[in-house]
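Fold and contact review
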Amino acid sequence: MLNGQHYIAGEWLNGPDVFQADNPSTGEKLPTKFQHGTEELVDQAVQAANACAEEFAAMLPAKRAAFLRAIADEIDARGDEITEIGNLESALPAARLTGERGRTVGQLRFFADWIEEGSWFEARIETAQPDRQPLPKPDIRVMHKALGPVGVFGASNFPLAFSTAGGDTASALAAGCPVVFKGHAAHPGTSEVVAKAIEAAIKKNGMPKGVFSLIHGGTRKVGQALVAHPLIKAVGFTGSTGGGRALFDIAVSRPEPIPFYGELGSNNPVFLMPKAMGAKAVEIAKGWVGSLTMGVGQFCTNPGLLIALKGADLDAFVETAAAELGQVGGAAMLTDRVSSAYHHVTDAMAGHAKVTCALKRRDSDGPFEGSPAIFRTTAADWQANPELAEEMFGPAGIIVECDTPEEMVALSATLIGQLTATVHMVDADAELAGKLRPALEKCAGRILINGWPTGVEVCHSMVHGGPYPASTDSRATSVGSLAIKRFIRPVSYQAFPDALLPEALKDANPLNIPRLVNGKWQMPK
Ligand SMILES: NC(=O)C1=CN([C@@H]2O[C@H](COP(=O)(O)OP(=O)(O)OC[C@H]3O[C@@H](n4cnc5c(N)ncnc54)[C@H](OP(=O)(O)O)[C@@H]3O)[C@@H](O)[C@H]2O)C=CC1
Ligand SMILES: O=C(O)CCC(=O)C(=O)O
């Protein structure tokens, strides 16, 4: 049974007004009335987070790891409830939500293992050389410490893996940062059930109450107040370029600017190499359709921009893709806003003088409907008309036709920041693919060969980010163990007596973690 309340530092609280989530499948309001957030409630949550920030940061990794694992267990224990409400609020099918839950709990357990392993501290020790000439060298040690309370914004398109206990929350808690989570109005019930799982884990593990709060929105002031709050030390965000940029501007304009890690939009260009197209255009087209339509195309990794040589192979590709897409019906998108934005951008594309429409349908008049679409243009027109590079968040792609391989290479050098870039090739395309690599390294966070970018693997070598506008900080990732780096900072300790040092830096290495000692790695016993 949902209560519709905010979860603030261990209490379930009301706000001044209420909102209801939409059921995207019917367009009707769901019954639960959720409380609006306020600036006062944001302050209450952040104050509580700040009050426990030092204790939480100083906790031994094993204790925080047990907490993360308990959250995962509590989410699993509510699996059916989460799938049921998640489906009503997002229209995502049960199988997708079950898979996303697996990714979410897997991510929490992954971070638990990672903080226990200990190399994330990046502990380095340089021992003193009192006799060094001309000056003695002091003992200097460094390790990474939690930044303090972190604000997290849930994404509409991943109600679990990029939401309440999703990647940003998991990496911030792993780092030792209390989290104040701003829920997405598209799935407040899903957020409430997951917050109840976190509440249970807090109680079972004796965590301080301020370590996690969920505050619903209902008004933009909530998110703005969270980013502007003087005690918030960093923000994690997944969403639109416009929303992310507005909040980024607040974060960096504060009297004390803070890091804002926004994972924003991307076209995810895919280069179809000529020899690969000659050998398997139909197979590649089928793969593209699968990736393009996954989750009604509502992935920031959706491959929405294809670049290929014009000719018979490309025509066969488009024919296959259009036929395959003909089998994929339109479906309800996440929100009215997402669906309206999709229709707006695809209508503009279809009406553009420099674009040919290879496929565009509207399968129903439902307010949240989104149907597949394919557009074609030339490389010259694509480059001369920047509006053709606008992200189409949904199951739509634009194919850019090049006259020559040289034109493909030239186009690659004009790409703006991307989460991913993909090359489909066979061995005989290696020379051309090699020429693309420098430009793709420059624009993208992840480069794939013969794969599809949807479905980000949670692992140690993942980068889910990229140069702006794909993200607001190209040095960061929001998925994988490197994500913890966003919420920690290095502190050096000079000439500290052993007893005053944090555990990670004590001579005896009580945490048994890898450390760089006088320039040489010492591995745990
Ligand atoms: N990069 C990605 O992965 C994603 C991109 N998108 C893109 O975003 C579009 C809209 O989807 P949505 O998920 O709602 O993303 P938004 O960016 O609109 O919203 C994300 C979160 O940020 C808040 N927010 C947005 N703008 C502001 C602002 N100016 N001030 C304060 N808070 C703000 C929203 O609050 P509130 O709910 O109150 O508006 C919400 O909590 C999609 O059509 C798609 O283009 C969507 C999902 C993922
Ligand atoms: O492709 C994925 O698995 C993740 C995509 C993503 O981060 C997003 O759509 O927000």
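Everything numeric in this text was worked out from a predicted model, so none of it was measured.

Right, let's talk about the pairing of strand E11 (residues 212-215) for a bit. Burial along E11 is two-sided: Phe212 and Leu214 and Ser213 and Ile215, pointing in opposite directions, are all buried. Remark: the strand E10 (residues 179-182)/helix H6 (residues 188-204)/E11 crossover connection has right-handed handedness.

Around ligand 2, the surrounding shell holds 13 residues, and the nearest of these are Asn157, Cys300, Thr301, Val456 and His464. Take Asn157: an N or O atom from its side chain is 2.7 Å from an oxygen atom of ligand 2. A distance of 2.6 Å separates an oxygen atom of ligand 2 from a polar backbone atom of Cys300. Here ligand 2 has 300 Å² of accessible area as a free molecule, and 100% of this is covered by the chains. Class assignment of the residues belonging to the shell around ligand 2 gives a composition of five nonpolar, six polar and two charged. Split by domain, the shell around ligand 2 shows at least three residues from each of two domains, domain 1 (36-264 + 475-486) and domain 2 (269-449).

The subject of this paragraph is the sheet that holds strand E25 (residues 520-522). If you trace the five strands from one edge of the open sheet to the other, you get E23-E8-E7-E24-E25, paired in mixed fashion. For this open sheet the edge positions go to strand E23 (488-494) and E25, each flanked by a neighbour on one side alone. Strand-to-strand twist across the sheet, computed as the mean angle between neighbouring axes with direction ignored, equals 25 degrees.

Counting residues in hydrophobic clusters, the biggest one holds 80 residues, and the most contacted among them are Phe67, Ile71, Ile75, Phe111, Val211, Phe212 and Ile484. When sequence neighbours within four positions are dropped, the list of residues in contact with Ile71 reads Leu108, Ala165, Leu173, Ile198 and Ala201. Among the nonpolar cores identified, the runner-up in size contains 54 residues, and Ala276, Ala373, Ala396 and Ile399 belong to it.

For the rest of this paragraph, the subject is the domain arrangement of the protein chain. On domain assignment, one finds that the protein chain holds domain 1 (36-264 + 475-486) and domain 2 (269-449). Just the C-alpha atoms count here: the centres of domain 1 and domain 2 sit 33 Å apart. With 13 residues of domain 1 at the contact, the number on the domain 2 side is twelve residues. When domain 1 packs against domain 2, close to 880 Å² is buried across both sides, 59% of that on carbon and sulfur atoms. It is Ser156, Asn157 and Glu263 in domain 1 that bury the most area against domain 2; as a group they hold 36% of the surface buried on that side. For the pair domain 1 and domain 2, the number of links is zero salt bridges.

Time to look at the site of ligand 1. Residues in contact with ligand 1 amount to 20 residues; listed here are only the nearest, Ser156, Arg220, Ser240, Leu264 and Arg337. At 2.8 Å, a side-chain N or O of Lys182 approaches an oxygen atom of ligand 1. The separation between a nitrogen atom of ligand 1 and a polar side-chain atom of Glu263 is 3.3 Å. Taken by itself ligand 1 offers 860 Å² of open surface, and the protein chains cover 90% of this.

Right, let's talk about the sheet that holds strand E14 (residues 269-272) for a bit. Read from one edge to the other, the open sheet built from seven strands follows the order E17-E19-E20-E15-E14-E21-E22, with strand pairing classed as mixed. Strand pairing shows two members of the sheet lacking a second neighbour, strand E17 (356-360) and strand E22 (444-449), which therefore form its edges. When strand polarity is set aside, the average angle formed by the axes of neighbouring strands in this sheet is 20 degrees. Looking at chain direction, E14 and strand E21 (residues 418-424) are connected through three bridges and run parallel. Considered in E21, the bridge of Leu272 is made with His424. Along the sheet face, helix H13 (residues 405-412) touches E14, strand E15 (305-309) and strand E20 (396-402) and points at about 155 degrees away from the line of E15.

So, on to the pattern of salt bridges. Applying the stated rule across the entire model yields 26 salt bridges. Of the charged contacts, one joins Lys204 and Glu74 as a salt bridge, the two residues approaching to 2.6 Å between their closest N and O atoms. With Lys204 in helix H6 and Glu74 in helix H2 (residues 61-77), this residue pair connects regions lying 130 residues apart in the sequence. Using a relative accessible area of 65% as the deciding quantity, one classes Lys204 as exposed.

This part covers the packing of helix H7 (residues 220-228) against helix H8 (residues 241-253). Between H7 and H8, the shortest axis-to-axis distance is 8 Å and the interhelical angle comes to 30 degrees. Here H7 runs over H8; the crossing is right-handed. Within the contact between the two elements, H7 uses Gly223, Gln224, Val227 and Ala228 and H8 uses Leu247, Ile250 and Ala251. Considering only residue class, the contact of H7 with H8 consists of five nonpolar, two polar and no charged.

Cis geometry is adopted by the peptide bond preceding Pro134, which originates at Gln133 and carries an omega value of 5 degrees. With respect to the element layout, Pro134 can be found in the loop between strand E7 (124-126) and strand E8 (140-146). Omega for the peptide link from Tyr468 to Pro469 comes to 10 degrees, which places this bond in the cis form. Within the chain, Glu122 stands out as a residue other than glycine whose phi angle is a positive 50 degrees. Following the sequence through the fold, Glu122 ends up in the loop between helix H4 (94-117) and E7. Residues other than glycine seldom take positive phi values, yet Asn450 does so here, at roughly 50 degrees. One can find Asn450 in the loop between E22 and E23.

What counts, and where the lines are drawn
- Residues numbered from 1 in each chain as written.
- Chains lettered and ligands numbered in written order.
- Predicted model: local features only at pLDDT ≥ 70, side-chain atom pairs only at ≥ 80, totals over all residues.
- Heavy atoms only, no water.
- Buried < 20%, exposed > 50% of the residue type's maximum accessible area, 1.4 Å probe, protein only.
- Helix = DSSP H or I, 4+ residues; strand = E, 2+ residues; numbered from the N terminus.
- Right-handed = clockwise from strand over helix to strand, strands pointing away.
- Near = heavy atom within 4 Å.
- Polar contact = N/O pair within 3.5 Å; in protein donor to acceptor, adjacent residues only side chain to side chain.
- Areas by Shrake-Rupley, 256 points an atom, 1.4 Å probe, with all protein chains shown as cover.
- Nonpolar A, V, L, I, M, F, W, Y, C, P; charged D, E, K, R; others polar.
- Domains from an automatic or database assignment.
- Pairing = 2+ DSSP bridges.
- Axes fitted to C-alpha atoms, helices over the stretch in contact; angles between N-to-C directions.
- Core = buried A, V, L, I, M, F, W, Y, C linked by side-chain atoms within 4.5 Å.
- Contact = heavy atoms within 4.5 Å.
- Buried area = accessible area lost by both parts, 1.4 Å probe.
- Salt bridge = Lys/Arg side-chain N within 4 Å of Asp/Glu carboxyl O.
- Left-handed = near helix turned anticlockwise from the far one by under 90°.

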